[in-house]
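So you can see what is in the structure, the chains are spelled out below.
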Amino acid sequence: MVVKKIMCACGSGLGSSFLVEMNVKKVLNKLGVNDIEVEHSAATDVFKGSADLFVCGKDMYDVLSKFGPCIALTNIISLPELEEKLSVFLKEKGVI
């Protein structure tokens with residue numbers, strides 16, 4: 001699987017998804033990955049194929065996991081949690 005796009009989503013598509021988007025970009029930069037597009041969105045705007053990976057708070061996992069691979073964060077502001085989970089996913093997909 002090629003990972004070209006990561007979408008961070010929350011209920012409204014404004015606050016927490018934007019914060020997670022910024023953190024995903026920080027983690028990707030730290031990992032030396034610069035060829036993956038990262039966006040944020042409202043969960044209601046997500047559809048199958050709109051991204052190769054979805055990242056969200058654990059409250060949105062049941063909604064978003066129907067549309068593709070999904071990382072659920074227990075603490076959406078925790079960079080260590082995000083880095084651990086994102087690294088595992090990207091290693092499994094051969095990105096890093």
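Please refer to the structure higher up on the page.
To start, this report covers the structure provided alongside it. All figures in this text were calculated on a predicted structure; none of them were measured in a lab. (Residues numbered from 1 in each chain as written. Predicted model: local features only at pLDDT ≥ 70, side-chain atom pairs only at ≥ 80, totals over all residues. Heavy atoms only, no water.)

**Topic: the environment of V38**
What counts is decided by this rule: Counting from the N terminus, the helices are DSSP H or I runs at least four residues long and the strands are E runs at least two residues long. Here, residues are in contact when the closest pair of their heavy atoms is within 4.5 Å.
Its location among the elements puts V38 in strand β2 (residues 37–42). Separated by 13 residues in the primary sequence, V38 and A51 place their C-alpha atoms 9.1 Å from one another. If we ignore the near neighbours within four places in the chain, the residues touching V38 are I6, C8, E21, V24, K25 and L28.

**Here's the deal with the sheet that holds strand β1 (residues 5–10)**
Operational definition: The pairing criterion is simple: DSSP has to find at least two bridges between the two strands. An axis is simply a line fitted to the C-alpha atoms; with a helix, the fit covers only the stretch in contact. Between two such axes, the angle follows the N-to-C directions and lies from 0 to 180 degrees.
Reading across from one edge, β2-β1-β3-β4 is the order of the 4 strands in this open sheet, with parallel pairing throughout. Taken across any chain shown, the strands that pair with only one partner, and hence form the sheet edges, are β2 and β4 (70–73). Across the sheet, the mean angle separating the axes of adjacent strands is 20° when strand polarity is ignored. Both β1 and β2 contribute to a ladder of 6 bridges, which runs parallel. Paired with M7 across the bridge in β2 is E39.

**Quick notes on the packing of helix α1 (residues 16–31) against helix α3 (residues 79–92)**
Rule in force here: Oblique is the label for any angle not under 35 degrees, not over 145, and not in the 65 to 115 range, which are roughly parallel, roughly antiparallel and roughly perpendicular in turn. Helix crossings are classified by the rotation of the near helix relative to the far one: an anticlockwise turn of less than a right angle makes the crossing left-handed, while a clockwise turn makes it right-handed. Each residue is assigned to one of three groups, with Ala, Val, Leu, Ile, Met, Phe, Trp, Tyr, Cys and Pro labelled nonpolar, Asp, Glu, Lys and Arg labelled charged, and all others, Gly among them, labelled polar.
At their nearest, the axes of α1 and α3 sit 10 Å apart, and the two run at 60° to each other. As the angle between them shows, α1 and α3 are arranged oblique. Both α1 and α3 take part in a crossing whose hand is right-handed. Touching N23, V24, K26, V27, L28, K30 and L31 of α1 are L79, L82, E83, L86, S87 and L90, all from α3. Considered class by class, the residues forming the contact of α1 with α3 number 8 nonpolar, 2 polar and 3 charged.

Without other data, these values stay purely geometric and don't point to any function.
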